Amino acid sequence: MNRLIAAAATMAALALSLPASAQFQKPEDAIKYRQSSMFVMANHFGRIGAMVNNRTPYDAAAAVANAEVVSALSRVHWAGFVEGTAGSAKGGASPKIWSERAKFDDAARRMEGEVAKLLAAARTNSLDNLRPAFGAVGQSCKACHDDYRNP
């Protein structure tokens, strides 16, 4: 069983290491991919936010489950940021992503790091630990959107 899991993980890593442009037939597919993954991630993040902001009762198991989804998705949507997918539409990807790719990638890694802390905080089963981690993820998302999303 462990060999099967290791083989599956290896195959997944190989698939993710393919050039991103080879993963999408058309630029629109890359855009739809990243928007869809961010949409789902935002929904699960919002469920944690409802608990953090006392709009729904705190449920430790639900917090962990939602943080796990956010964590997984925080690493996948970057594949959709391929050359030729910038736009001028409101809320779309700014061309600055590609002219400042190193800074964009740094922002992505910061967000992933904050999400990892969110998951760790959720696993403590403490709303007091979850609140600051939730805020830090929100700030990392906002910073990237402020810099790399069209107003």
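Residue numbers restart at each chain and count upward from 1, following the sequence in its written direction. Where totals are concerned, whole chains, interfaces and linings use all residues; where local detail is concerned, this predicted model gives features only for residues with pLDDT of at least 70, and gives and counts side-chain atom pairs only at 80 or more. Note that water and hydrogens are dropped before the side-chain values are worked out from all heavy atoms of the structure.

1. Some thoughts on the pattern of salt bridges
Here, a salt bridge means any Lys or Arg side-chain nitrogen found within 4 Å of an Asp or Glu carboxyl oxygen. As enumerated under the stated definition, the model contains seven salt bridges in all. Residues glutamate 112 and arginine 109 are paired through a salt bridge, measuring 3.1 Å at the closest nitrogen-oxygen approach. You can see glutamate 112 and its partner arginine 109 sitting in helix α6 (residues 101-122), three residues apart, about one turn around the helix. Exposure remark for arginine 109: the relative accessible area of 43% places this residue in the partly exposed category. Between aspartate 128 and arginine 131 there is a salt bridge, and its shortest N-O distance comes to 3.7 Å. Pair noted here: aspartate 128 and arginine 131 are both in helix α7 (residues 127-148), with a separation of three residues, about one helical turn. Any residue under 20% of the maximum accessible area for its type is buried, any over 50% is exposed, and the rest in between are partly exposed; the area is computed with a 1.4 Å probe on protein chains only. When its relative accessible area of 62% is taken as the criterion, aspartate 128 is described as exposed. In this description a helix means any DSSP run of H or I spanning at least four residues, a strand means any run of E spanning at least two, and both kinds are numbered starting from the N terminus.

2. Considering helix α3 (residues 27-52)
The span one expects for a helix is its residue count, reduced by one, times 1.5 Å. Taking 1.5 Å of rise per residue, the 26 residues of α3 would be expected to cover 38 Å, and the 37 Å separating its terminal C-alpha atoms lies within 8% of that figure. Here, two residues are considered to be in contact whenever any of their heavy atoms come within 4.5 Å of each other. Residues of α3 that are buried sit in contact with α4 (60-73), α5 (96-99), α6 and α7. In the segment just after α3, asparagine 54 is the residue with positive phi, at about 60°.

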